[in-house]
Amino acid sequence: MSGQPLRTILIVGGGTAGWMAAAAIATVMPNIAVELVESDEIGIVGVGEATIPQINLFNASLGISDADMLRETQATYKLGIEFADWLEEGHSYLHPFGAFGVPINGVDFWHFWIRTGGRVPLHEFNANSVAAATGRFAKINPPPPPNSPLAKLFSAFHFDASLYARLLRRVAEARGATRHEGRIVEATRDAENGMLTGVTLADGRVLTADLYLDCSGFRSLLLGETMGVGYRDWSRWLPCDRALAVPTERHEEPILYTRATARAAGWTWRIPLQHRTGNGYVYSSAHVSDDEAAATLLAAVDGKPLAEPRQLRFTAGHREEFWHGNVIALGLAGGFLEPLESTSIHLIQLVISRLLTLMPRSLPATGTVAEFNRQSVKDYEGIRDFLLFHYWANRRGEPFWRERRATLPPDQTLADRIALFRETGRITRENNELFAEASWLAVMLGQGVEPAAYSPLADLVPEQELADIMAMLRDTTAQAVAKLPFQAEFIRGLTGV
Ligand SMILES: Cc1cc2nc3c(=O)[nH]c(=O)nc-3n(C[C@H](O)[C@H](O)[C@H](O)COP(=O)(O)OP(=O)(O)OC[C@H]3O[C@@H](n4cnc5c(N)ncnc54)[C@H](O)[C@@H]3O)c2cc1C
């Protein structure tokens, strides 16, 4: 296949990863033939219900509207994540999407807030936090002017992952992607160049392509099993290795945020959808038995369970290469980071846009593959450090949590970031790092890391002027949010139900 133009792609797997890839490639590159094989017998992992705002860009690129999402995936809006009991029992904070206040004379707002001794809670300067607390939300169309507090109201979705895959399948097939139903029993490689040559289904059909996307889930059928690419295991830093998931009946109006509550050996999630609530316990099997974990989860849910808890097993980390030869892994086939900050679906989105950006004309493409792998590893490392920080900065007493405090991060980057914030109140963001300054600020303050100082430039604004600006920012945010409808009204307006 050396030097052959790239004309066909076979996607193995029809979970969120497979159908996201099929829909995006069929939309953006209609000149490439996209085929997808999935097995109803094996099914999909089916969890993955919380997202981050970048999902809006993905949907928009496919022409999927909010009304489509709300109607077809039972979605609700998400404005952030509440972390309950993470610092210590009884303490909680919100990590909202979006910025706090606005820079004053080019200096980040929070330096002024530190200067005032944090008298007014920082969240009063963040539209997402105010909206989340009051249950009010709307997407304003046309978008509000940049100086409106609502211009910084950023939302994502909570949705039913199986229904999202179904919606994407419809989009992909409408744009020419072909689906094959069947279980792959064998994948073969060229003895000389090591490239994947095809997959064989249980009924004997053989499917071949120029490029293969491994979206086969945790098994990593093509990249891990067939191409033999190893796994970089991060369980030393992120030891949670199991989850129990259980849906429950909805018993209240959906709230506008995901709730993540720390437990003795991990944390539970609560994700409100229109038709039900998604719940789960992510835990370390070295610190709690499966039975105890199930009991903790069932005691924590607040609606009637709709099924028995389902267990999922995983190891934090990623494949040593995401692209090897003519195989690229997306989703769980490429790696796993626990869903604490709802990043897995976003990681799929990143790989798709990276592939579309770097798509070679032919294979092999050694330089492209190296760059693709370098960027993909960076994504994982950046998110890993953010997750690790939530665990490291805790004051809880159980062995699991004491061990998290005592575990040093894998490299100096995280330690330096914490030290910089403590000393100066400053937060730096590396190029393209997913979590921006506001996210680090929310979680650092939430996890009890206090800055000892702030930028000297923040002293240059006279005291009364600063007080007036801060009062204006707080008041305009509260007033703008108060005019929004409640989420349920807004959803009804868009869906007509
Ligand atoms: C407990 C838990 C909670 C999560 N929560 C979130 C969250 O809130 N937010 C978020 O962004 N992400 C979350 N994730 C991650 C998210 O679920 C996944 O990233 C996403 O669902 C993508 O899964 P996938 O498509 O890679 O794999 P899967 O859904 O497992 O799909 C694999 C596909 O491969 C097919 N397949 C496998 N073997 C074969 C074979 N031999 N022949 C044919 N077909 C085959 C299967 O039939 C299936 O179609 C969570 C994950 C877990 C484990």
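For the structure, check the block above.
Residues numbered from 1 in each chain as written. Predicted model: local features only at pLDDT ≥ 70, side-chain atom pairs only at ≥ 80, totals over all residues. Heavy atoms only, no water.

Visitor: An account of the nonpolar core is requested, with residue identities and associated values reported.
Guide: Within the largest apolar cluster, 136 residues are counted, with the highest numbers of intra-cluster contacts made by L211, L213 and L330. When residues of this core are assigned to their parent elements, the largest contribution, ten residues, is made by helix 10 (residues 366–392). When near neighbours in sequence (up to four residues on either side) are disregarded, L330 contacts A17, A21, L213, D214, C215, I348, V351 and I352. In this structure, L10, V199, L222 and A333 belong to the second largest nonpolar core, which totals 19 residues. (Core = buried A, V, L, I, M, F, W, Y, C linked by side-chain atoms within 4.5 Å. Buried < 20%, exposed > 50% of the residue type's maximum accessible area, 1.4 Å probe, protein only. Helix = DSSP H or I, 4+ residues; strand = E, 2+ residues; numbered from the N terminus. Contact = heavy atoms within 4.5 Å.)

Visitor: Give a detailed account of the site of the ligand, specifying residues and quantitative values.
Guide: For the ligand, the set of nearby residues contains 35 residues, the closest of which are G14, V47, A50, I184 and I345. Separating an oxygen atom of the ligand from a backbone N or O atom of I345 is a distance of 2.8 Å. The protein chains hide 97% of the 1,000 Å² of surface that the ligand would expose on its own. If you list the elements that add at least two residues to the shell around the ligand, you get helix 1 (16–28) and helix 9 (344–358). Here the shell around the ligand takes three residues from helix 9, the largest share from any one element. Here the shell around the ligand is built from residues that sort into 18 nonpolar, 13 polar and four charged. (Near = heavy atom within 4 Å. Polar contact = N/O pair within 3.5 Å; in protein donor to acceptor, adjacent residues only side chain to side chain. Areas by Shrake-Rupley, 256 points an atom, 1.4 Å probe, with all protein chains shown as cover. Nonpolar A, V, L, I, M, F, W, Y, C, P; charged D, E, K, R; others polar.)

Visitor: Let's hear about the pattern of salt bridges: which residues, and what values?
Guide: What the rule picks out here adds up to 26 salt bridges. Here E38 makes a salt bridge to R179, at a shortest N to O gap of 2.6 Å. Highlighted residues: E38 in strand 3 (residues 33–38) and R179 in strand 8 (residues 178–181), separated in sequence by 141 residues. For E82, the salt bridge is made with R259, and the minimal N-O distance between the two is 2.7 Å. Residue E82 is found in strand 5 (residues 80–84), and its partner R259 is found in strand 15 (residues 258–263); the two are separated by 177 residues along the sequence. We classify R259 as partly exposed; its relative accessible area is 23%. Through salt bridges with shared partners, a single ionic network connects E38, D40, R179 and E181. (Salt bridge = Lys/Arg side-chain N within 4 Å of Asp/Glu carboxyl O.)

Visitor: An account of the side chain of H390 is requested, with residue identities and associated values reported.
Guide: Secondary-structure assignment places H390 in helix 10. With a relative accessible area of 0%, H390 lands in the buried category. A polar contact is formed between the side chain of H390 and the side chain of E341, at a distance of 2.7 Å. Apart from the residues within four sequence positions on either side, H390 is in contact with F83, W86, Y93, L340, E341, V443 and Q447.

Visitor: For unusual backbone geometry, give the residues involved together with the corresponding values.
Guide: Residue P142 is reached from N141 by a cis peptide bond, and omega for that bond is -5°. Structurally, the position occupied by P142 is in the loop between helix 5 (127–134) and strand 7 (156–158). With omega at 0°, the peptide bond leading from L363 into P364 counts as cis. Secondary-structure assignment places P364 in the loop between strand 23 (362–363) and helix 10. Phi angles above zero are rare outside glycine, and S220 is one such case at about 50°. With respect to the helices and strands, the residue S220 is situated in the loop between strand 12 (211–214) and helix 7 (221–226).

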